[in-house]
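# Results of the structural survey
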Amino acid sequence: TLVQVQSCTNAGDLSPVGRVDVQPLVNQLDGALNAVPHAVVYDVPYLRVQGGANAVIIDPQPGDIGIAVFASRDISAVKSSRQQSNPGSGRKMDMADALYLGGVLNGAPAQYVRFGDDGITVHSPQKITLSAPNIEINADNAITATAPQATINAATLINGPLSQGTGEAGGGATMAGPLQVSADVTAGGVTLMQHTHPGVQTGDGNTGAPNP
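Read on for a plain summary of the structure. (Residues numbered from 1 in each chain as written. Predicted model: local features only at pLDDT ≥ 70, side-chain atom pairs only at ≥ 80, totals over all residues. Heavy atoms only, no water.)

## Some words on the overall build of the protein
Broken down by element type, the protein carries 1 helix and 13 strands. Sequence-ordered secondary structure for the protein, helices as α and strands as β, is β-β-β-β-β-β-β-β-α-β-β-β-β-β. Principal-axis analysis of the C-alpha atoms gives the protein an extent of 115 × 40 × 35 Å. Within the protein, the fraction of its 212 residues that count as buried is 13%. In the protein, once contacts between residues fewer than 6 apart in sequence are set aside, the share between residues at least 24 apart is 46%. Approximately 17100 Å² of the protein is accessible, and the part contributed by carbon and sulfur atoms is 53%. Side chains of the protein give 9 positive and 16 negative charges; the mean places of these two sets differ by 18 Å. (Helix = DSSP H or I, 4+ residues; strand = E, 2+ residues; numbered from the N terminus. Buried < 20%, exposed > 50% of the residue type's maximum accessible area, 1.4 Å probe, protein only. Contact = heavy atoms within 4.5 Å. Areas by Shrake-Rupley, 256 points an atom, 1.4 Å probe, with all protein chains shown as cover. Lys, Arg positive; Asp, Glu negative; His and termini not counted. Charge placed at Lys NZ, Arg CZ, Asp CG, Glu CD.)

In structure tokens form, the structure reads like this:
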């Protein structure tokens, strides 16, 4: 049946699968067709997409509408021990043995992973954090990063040409140094290793500007 989450023991943190309290939304009717609401069902295990130590953590939140199913026998002993057990009592098809399977009839999300014909979109209004001993990004064509500012806190190796844009895409470059270059450096057509200075005379005078 359809239920609405009243509370959840977890709130997105790294923790084992928790429990929810749910309010069944489809009322009972008495003989005169008067509504007889169900009571809140407490301590209901909820579904998490998980295999071994791998999981997608999206914990239910109060107000979520979702589907509850009810076990054919008393599951209280299995809920307590997480092992094969006898039924905890003789009850059958009871709301006390509910399992919450996830959301339906809810609003548009603000944070999501979307799979569409144009690709996969990962969106967050706050931030996206990737954490692993090693992270690899492989692209057959190109990688584009667009942001007002970028910070790299790591020793950086670039295996390929490095160029800066021109016009609005360009800008100054500042380095604290020291800077070591194994090959020549060219600035405005003047090489650092090959340029000459005209008008050089011995004595205390300064050299002229380098020749291009």
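Additional details are given in the paragraphs that follow.
## Overview of a nonpolar patch on the surface
A cluster of nonpolar side chains, namely Val-113, Phe-115, Ile-120, Val-122, Ile-128, Leu-130, Ile-135, Ile-137 and Ile-143, defines an oily patch on the protein surface of about 1000 Å² accessible area. When contributions to the nonpolar patch are tallied by element, the ones reaching two or more residues are strand E10 (112-116) and strand E11 (119-123). Position of Ile-135 among the secondary structure elements: in the loop between E11 and strand E12 (186-187). (Patch = residues over 30% accessible without salt bridge, like charges linked within 9 Å, V, L, I, M, F, W, Y side chains within 5 Å. Salt bridge = Lys/Arg side-chain N within 4 Å of Asp/Glu carboxyl O.)

## What to know about the pattern of salt bridges
Enumeration over the complete set of coordinates arrives at 6 salt bridges. For the salt bridge of Asp-43 with Arg-19, the shortest nitrogen-to-oxygen distance reads 3.0 Å. Within this pair, whereas Asp-43 is found in strand E5 (residues 41-45), its partner Arg-19 is found in strand E2 (residues 19-24), the two being separated by 24 residues in sequence. Asp-59 is paired through a salt bridge with Arg-48; the nearest N and O atoms lie 3.1 Å apart. Of the two residues, Asp-59 is situated in the loop between strand E7 (54-56) and strand E8 (65-70) and Arg-48 in the loop between E5 and strand E6 (49-51); the sequence distance between them amounts to 11 residues. On the basis of relative accessible area, Asp-59 is assigned to the buried category, the value being 10%. A residue is classified by how much of its surface remains accessible, and Arg-48, at 11% relative accessible area, is buried.

## Things to note about the side chain of His-38
Within the secondary structure, His-38 sits in the loop between strand E4 (35-36) and E5. A polar contact of 3.4 Å, which involves the side chain of His-38, links it to the side chain of Gln-28. Excluding residues that lie within four positions of it along the chain, His-38 makes contacts with Gln-23, Pro-24, Val-26, Gln-28 and Met-95. (Polar contact = N/O pair within 3.5 Å; in protein donor to acceptor, adjacent residues only side chain to side chain.)

## Notes on the side chain of Asp-74
By the element assignment, Asp-74 lies in the loop between E8 and helix H1 (76-81). A distance of 2.7 Å separates polar atoms of two side chains, one belonging to Asp-74 and the other to Ser-76. Within polar-contact distance, the side chain of Asp-74 engages the side chain of Arg-91 at 3.1 Å. Among all residues touching Asp-74, those that are not within four sequence positions of it are Pro-87, Gly-88, Ser-89, Arg-91 and Asp-97.

## What about the layout of surface pockets?
Roughly 1400 Å³ of volume is contained in the largest pocket. Taken together, 35 residues make up the lining of the largest pocket; nearest its centre are Val-56, Ile-57, Ile-58, Asp-59 and Gln-111. Secondary structure elements with two or more residues in the lining of the largest pocket: E7, strand E9 (98-103), E10 and E11. The biggest single contributor to the lining of the largest pocket is E9, with 4 residues. The class makeup of the residues in the lining of the largest pocket is 19 nonpolar, 12 polar and 4 charged. The space that makes up the second largest pocket amounts to roughly 400 Å³. Taken together, Ile-152, Thr-156, Ile-158, Leu-162 and Ser-163 make up the lining of the second largest pocket. Of the residues in the lining of the second largest pocket, the class split is 3 nonpolar, 2 polar and no charged. (1 Å grid on protein atoms, 1.4 Å probe; cavity = no way out; pocket = protein on both sides within 12 Å on 5 of 7 lines; lining within 4 Å. Points joined across faces, edges and corners; volume = space filled by probe spheres on them. Nonpolar A, V, L, I, M, F, W, Y, C, P; charged D, E, K, R; others polar.)

Everything listed here is a matter of geometry and, on its own, says nothing about what the molecule does.
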